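# Working through the structure, step by step
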Amino acid sequence: MLTERQPRIRIAHLPTPIEPLPRLSARLGGPKLWVKRDDLTGLAGGGNKARKLEFLIAEALAKGADTLVTCGAVQSNHARQTAAAAAKSGLRCTLVLRGREPHESQGNLLLDRLLGAEIVWAEDRPADERLVEVAEELRSRGRRPYVVPYGGSNPVGACGYVAAMEELLDQSARAGISFDRIVFPSSSGGTQAGLAVAARTLGYPGEILGVSVDLGAPALQEKLAPLATATAELLGLPEAFLPSDFLVDDGYVGAGYGVLGDLERDAIHLAAETEGLLLDPVYTGRAFGGLLDLIRQGAFDPGERLLFWHTGGLPALFAAGERLRL
Ligand SMILES: Cc1ncc(COP(=O)(O)O)c(C=O)c1O
């Protein structure tokens, strides 16, 4: 295993299943679709952060931390899974969330509170700046904070998706299926960077396409290259990455991060009604909406086998309410 020597705790439910989507594939009449169910990784509702946290928490424990501190949006899946991982590891958790406290706790925020996390509202300040101050405040009170970076996306966290790609290649070899293309939502970059490191090292011949959820493609590619290079270096792999090594589609960012539009709404309804598969309003709804659009435009060969990597986000669906137009 590429991540063999990297400290890791085992808190995610792995390997996650790969399921075919036969009704949806038939309905679209394009490539054959499968889904990798990282929405089933556990940690209070599943998602891609569980894989990153296995490596991040191991580092936190090795450093003698007593508190995890991280930041994100009000409906951050990363914050919720960090709070769950902290509880499960006997650590305390402080979350710095963007903006002001809403009137009601729903979805991920409700779970953050249930999981015992302390919440600090960044209000008018950038959450990542407040994060540094909050960690300092904790230190001055005698606590030993470990700062989990935004989205869990540093080289240690990205190891989760190096291991995930190995898991996928192992599963596809056993099942005798090779996927021509992997599609998923990409934002802070740890998922895509980790997948790319393993894909190159292990010689995966297919295409890895990140559908950007917020950034323009050049900005995301600029973030991915140094992250992937540093992740490879951490693992002792002699690989260097350039921005052009990453395929990013930024055509579905719509009105911006977290703004639920027709693209996401239609994708969420279609996946639920045709396959009983729940997507989230911010990440997988957008990426799957993009994938559906690309299929309808004929961007892929109908003979292809295509894997949608479901990165989680279910709790945010319960905060979407009327925006889903049921
Ligand atoms: C459900 C979900 N999917 C995808 C992503 C994006 O993954 P990454 O930040 O590794 O690019 C996130 C991250 O916040 C997420 O919560």
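Above this note sits the structure.
Bear in mind the structure is a predicted one, so any value in this text is a computation, not a measurement.

Let's shift gears to the site of the ligand. Taken together, 16 residues are adjacent to the ligand, and K49, K52, S188, T191 and T311 come closest. Residue G189 places a main-chain N or O atom 2.9 Å away from an oxygen atom belonging to the ligand. With respect to the ligand, the side chain of T191 contributes an N or O atom lying 2.7 Å from an oxygen atom. When the ligand sits alone it has 390 Å² of accessible area, and the protein chains cover 98% of it. Considering only residue class, the shell around the ligand consists of 2 nonpolar, 12 polar and 2 charged.

Backbone-to-backbone hydrogen bonds join strands into a sheet, with any given pair of strands oriented parallel or antiparallel. Strands sit in the order β5-β4-β3-β6 across an open sheet of 4 strands; the sheet is parallel. Sheet topology places β5 (118-121) and β6 (145-147) at the edges, where each strand pairs with a single neighbour. With strand direction ignored, the average angle separating the axes of adjacent strands in the sheet is 25°. Of the pairings in the sheet, the one linking strand β4 (residues 92-97) to β5 comprises 4 bridges and is parallel in character. Following the sheet pairing, L97 is matched in β5 by W121. Here helix α4 (residues 107-114) sits on the sheet and contacts β4 and β5; the angle it forms with β5, its principal contact strand, is near 130°.

The geometry of helix α2 (residues 49-62) relative to helix α6 (residues 155-175) is characterised by a closest axis approach of 7 Å and an angle of 135° between their N-to-C directions. Relative to α6, α2 is oriented oblique. For the pair α2 and α6, the sense of crossing is right-handed. Residues R51, K52, F55, L56 and E59 of α2 lie in contact with α6, whose contacting residues are V156, G157, C159, G160, Y161, A163, A164 and E167. For the contact of α2 with α6, a count of residues per class yields 7 nonpolar, 2 polar and 4 charged.

This part takes up the nonpolar core. With 64 residues, the main nonpolar core has L68, M165, I182, I208 and W309 as its most contacted residues. Of the residues forming this core, the biggest block, 8 residues, is contributed by α6. Apart from the residues within four sequence positions on either side, I208 is in contact with M165, I182, F184, Q192, L195, A196, A199 and L247. By size, the runner-up hydrophobic cluster in this structure holds 28 residues, among which are L24, V211, Y252 and A287.

Okay, the packing of aromatic side chains next. Scanning the entire structure with this criterion turns up 5 aromatic pairs. Seen in terms of ring centroids, W34 and F179 are 5.4 Å apart; in terms of plane orientation they differ by 70°. Their pairing is edge-to-face. You can see W34 sitting in strand β2 (residues 32-37) and its partner F179 sitting in the loop between α6 and β7 (181-186), a full 145 residues away along the chain. Comparing W34 with F179, the two get one shared label, buried. We note R98 situated over the ring of Y257; from NZ or CZ to the ring centre the distance is 5.6 Å. One residue, R200, lies across the ring of F241, its end atom 3.9 Å from the ring centre.

What counts, and at which threshold
Residues numbered from 1 in each chain as written. Predicted model: local features only at pLDDT ≥ 70, side-chain atom pairs only at ≥ 80, totals over all residues. Heavy atoms only, no water. Near = heavy atom within 4 Å. Polar contact = N/O pair within 3.5 Å; in protein donor to acceptor, adjacent residues only side chain to side chain. Areas by Shrake-Rupley, 256 points an atom, 1.4 Å probe, with all protein chains shown as cover. Nonpolar A, V, L, I, M, F, W, Y, C, P; charged D, E, K, R; others polar. Pairing = 2+ DSSP bridges. Helix = DSSP H or I, 4+ residues; strand = E, 2+ residues; numbered from the N terminus. Axes fitted to C-alpha atoms, helices over the stretch in contact; angles between N-to-C directions. Contact = heavy atoms within 4.5 Å. Parallel < 35°, antiparallel > 145°, perpendicular 65-115°, else oblique. Left-handed = near helix turned anticlockwise from the far one by under 90°. Core = buried A, V, L, I, M, F, W, Y, C linked by side-chain atoms within 4.5 Å. Buried < 20%, exposed > 50% of the residue type's maximum accessible area, 1.4 Å probe, protein only. Phe/Tyr/Trp six-rings, centres within 6.5 Å; stacked < 30°, edge-to-face > 60°. Lys NZ or Arg CZ within 6 Å of the ring centre and 35° of its normal.

None of the figures reported here should be taken as evidence of function without further support.
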